[in-house]
Amino acid sequence: MTKVKICGLQEIEHVRAASEAGAAGFVFAPSRRKVSIEQAARLATELPDSVEKIGVFVNADLDEILEAIQKVPLTMVQLHGDETDDLIRSIPVKVIQAFSIRDADDVRKLEQSIADYVLVDAPGIQHRGGSGRRFDWTLLEQAVIEPGRLIVAGGLDTGNVEAAISSLAPYMVDVSSGVETDGKKDAEKIKNFIKTVKGDSMQHTTGTKEETGFFGRFGGQFVPETLMRAVKELEAAYAEAKEDSDFQATYHHYLKEYVGREQPLTFAARLTEAWGGPKVYLKREDLNHTGAHKINNAIGQALLAIRMGKRKIVAETGAGQHGVATATICALLDLECVIFMGEEDIRRQQLNVFRMKLLGAKVESVTKGSATLKDAVNEALRYWVSNVGDTHYLIGSALGPHPFPTMVRDFQSVIGKETRKQIVEKEGRLPDVILACVGGGSNAIGMFHPFVNDEGVRLIGVEAAGEGVDTNRHAATLTKGTEGVLHGAFMKLLQDDNGQVQEAHSISAGLDYPGVGPEHVHLEDIGRVEYKAVTDDEALASVITLSRLEGIIPALESAHAVAEAEKVAAAMGPEEILVICVSGRGDKDMATYAEKLEGLA
Ligand SMILES: O=C(O)c1ccccc1NCC(=O)[C@H](O)[C@H](O)COP(=O)(O)O
């Protein structure tokens, strides 16, 4: 499906109108539409991650382009001048090279372009682009250029864009003048242009229909009638909050002042040397207040609950990290807090149980089923059904009925956004490989989401193989599971032939879950993310590796990502870059480490 770029944005209301487009353009070249880097950075915060942020330059020097990539941050760069191939090669994000089309010679020039995309435009009048004029599309009939690289611009509007698409079949259409009235952007025209191009099929471009809660075929709202009202209320409240700059500012205030963000992307020098392959970087979610990534989501949802007038929170917890994060934020914001936790996990995570109680939460022990995370989610959902009037269910992973998977992903995307900015600052380019552990999948989806459109970045999720994926004691849902409904969403899960949910096993309580977030299932389905499984023993060995080489004792969950990273690194070269998300620290796992690693540690 053809993507839309709205170019020359300068005002917040127009940026918001462009939020359903595939791309937004900021002009840094001389023009009446010119913006400063600082202005573009402010405007870009209004756009969802799914929208490409494109900087338009005319013969700018590399330093200016790099500064804008870093500060806005830009995901693509559009060059409208006489830029050299050397400059194009030095740019660490995807590049669009613009060509003015007057005759067949111009068409031959664009065929030689080394850029990722070529943009065809009418010759400028006062400036190099944004003229509002069309060029002769028939000149492109003989052009040798893959449609997947072609972007059409120049004099497009709602009246002619369908004809441009049917005659040129481009990857993207680009408009500026055609969505303006009296030389200023017009929000209605922007929305109409997007609607005209995308029509009813708008949601299919990424293979997701997030506003209806589906990622491809996965997700949805499979809940009893008694919960439907609460789920719909939450959906509407989150849709509003997401667009509300005051809500976003409050959320980011807590991330900075309370959680301690941004967290470093630490270069792991000794690990790099020991593995003898790529440069290894660690994204340090272990340094967050409360010790793991879980607090990023707990803060967002607690603020949303208050916005909805709900001052009681129910949550589930496996390893206890989400329970502690929830109890912490409830203490801070004076909310009543009930946490459901499996009896088996209470035994494994004594320290976190005490922390939750100390913070004022009520911890309810769940003895049903395997007495682990799945059973805790069941009980938390039951509690929510009975108390839905004044209680918010603060789910801890990218699971559950819509809007939970999208909402949790959005709150956790701070991990990937920071990583993206930091690696460009440190290395001037994006990494080759990123790994994160997957239980329900929240740290992984938060890390992966800002990179999903970067085809050159290999994304690897690591599940728990427990005692081996060929035994019946593992939690490798994506590797071994089959499609079905669990906890309100269509996903992959471990189930028997009668659809009965099977018990999962992992030494790590946070990965010990028989389902997985629906967006991960979709990303596996379309082949964008690879999912691997690591055994209990391999994870334990990596706890020692990271502790001894970097002085970082990881959580058992994060150690799974480290173990797979070691295997992946073996096939990589020294010029390559690998990033591991260290989702949490190992304090909570000390009893397990003392028992299992005695004699080794
Ligand atoms: O918009 C400008 O003023 C501009 C100035 C210098 C270089 C590029 C510029 N704009 C790029 C674009 O807006 C689009 O790529 C395209 O040219 C839009 O064309 P149109 O819809 O005809 O305004």
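Residues numbered from 1 in each chain as written. Predicted model: local features only at pLDDT ≥ 70, side-chain atom pairs only at ≥ 80, totals over all residues. Heavy atoms only, no water.

- Under an unreviewed UniProt entry, the name given to the chain is Multifunctional fusion protein, and the source organism is Metaplanococcus flavidus.
- The annotation that UniProt attaches to the chain under Cofactor (unreviewed entry) is "pyridoxal 5'-phosphate".
- UniProt, in its Subunit (unreviewed entry) section for the chain, records the words "Tetramer of two alpha and two beta chains." (UniProt positions renumbered as here; feature names shortened; annotations may be inferred.)

### Some words on the sheet that holds strand β7 (residues 150-152)
So, step 1. Taken in spatial order, the eight strands line up as β1-β2-β3-β4-β5-β6-β7-β8 and close into a barrel, and their pairing is parallel. Pairwise comparison of adjacent strand axes, ignoring direction, gives a mean angle of 25° for this sheet.
So, step 2. The pairing of strand β1 (residues 3-6) with strand β8 (residues 172-175) spans four bridges and is classified as parallel. Among the inter-strand pairings, Lys 3 is bridged to a residue of β8, identified as Met 172. (Pairing = 2+ DSSP bridges. Helix = DSSP H or I, 4+ residues; strand = E, 2+ residues; numbered from the N terminus. Axes fitted to C-alpha atoms, helices over the stretch in contact; angles between N-to-C directions.)

### Brief notes about the pairing of strand β2 (residues 23-27)
So, step 1. The buried fraction of β2 is high, at five of five residues.
So, step 2. Residues Ala 23, Gly 25 and Val 27 point to one face of β2 and Ala 24 and Phe 26 to the other, with burial holding for every one of them.
So, step 3. The handedness of the β1 to β2 crossover, carried by helix α1 (residues 12-17), is right-handed.
So, step 4. Remark: the β2/helix α2 (residues 37-44)/strand β3 (residues 52-57) crossover connection has right-handed handedness. (Buried < 20%, exposed > 50% of the residue type's maximum accessible area, 1.4 Å probe, protein only. Right-handed = clockwise from strand over helix to strand, strands pointing away.)

### A short note on the nonpolar core
So, step 1. Of all hydrophobic cores here, the largest spans 148 residues; its most connected members are Ile 6, Phe 26, Phe 28 and Phe 193.
So, step 2. Among all residues touching Phe 26, those that are not within four sequence positions of it are Leu 9, Val 15, Val 35, Ala 40, Leu 43, Ala 44, Leu 47, Lys 53, Ile 54, Gly 55 and Val 56.
So, step 3. Core analysis: the second largest hydrophobic core is formed by 37 residues, Val 280, Ile 552, Val 562 and Ile 580 among them. (Core = buried A, V, L, I, M, F, W, Y, C linked by side-chain atoms within 4.5 Å. Contact = heavy atoms within 4.5 Å.)

### Section: the packing of aromatic side chains
So, step 1. Counted according to the given criterion, the structure contains ten aromatic pairs.
So, step 2. Pairing Phe 267 with Tyr 281 gives two aromatic rings, centres 5.3 Å apart and planes at 55°, and the pair type is tilted. Of the two residues, Phe 267 sits in strand β14 (residues 265-267) while Tyr 281 sits in strand β15 (residues 279-284), which places them 14 residues apart along the sequence.
So, step 3. Connected via pairs of aromatic rings, a cluster forms that spans Tyr 238, Tyr 251 and Phe 411. (Phe/Tyr/Trp six-rings, centres within 6.5 Å; stacked < 30°, edge-to-face > 60°.)

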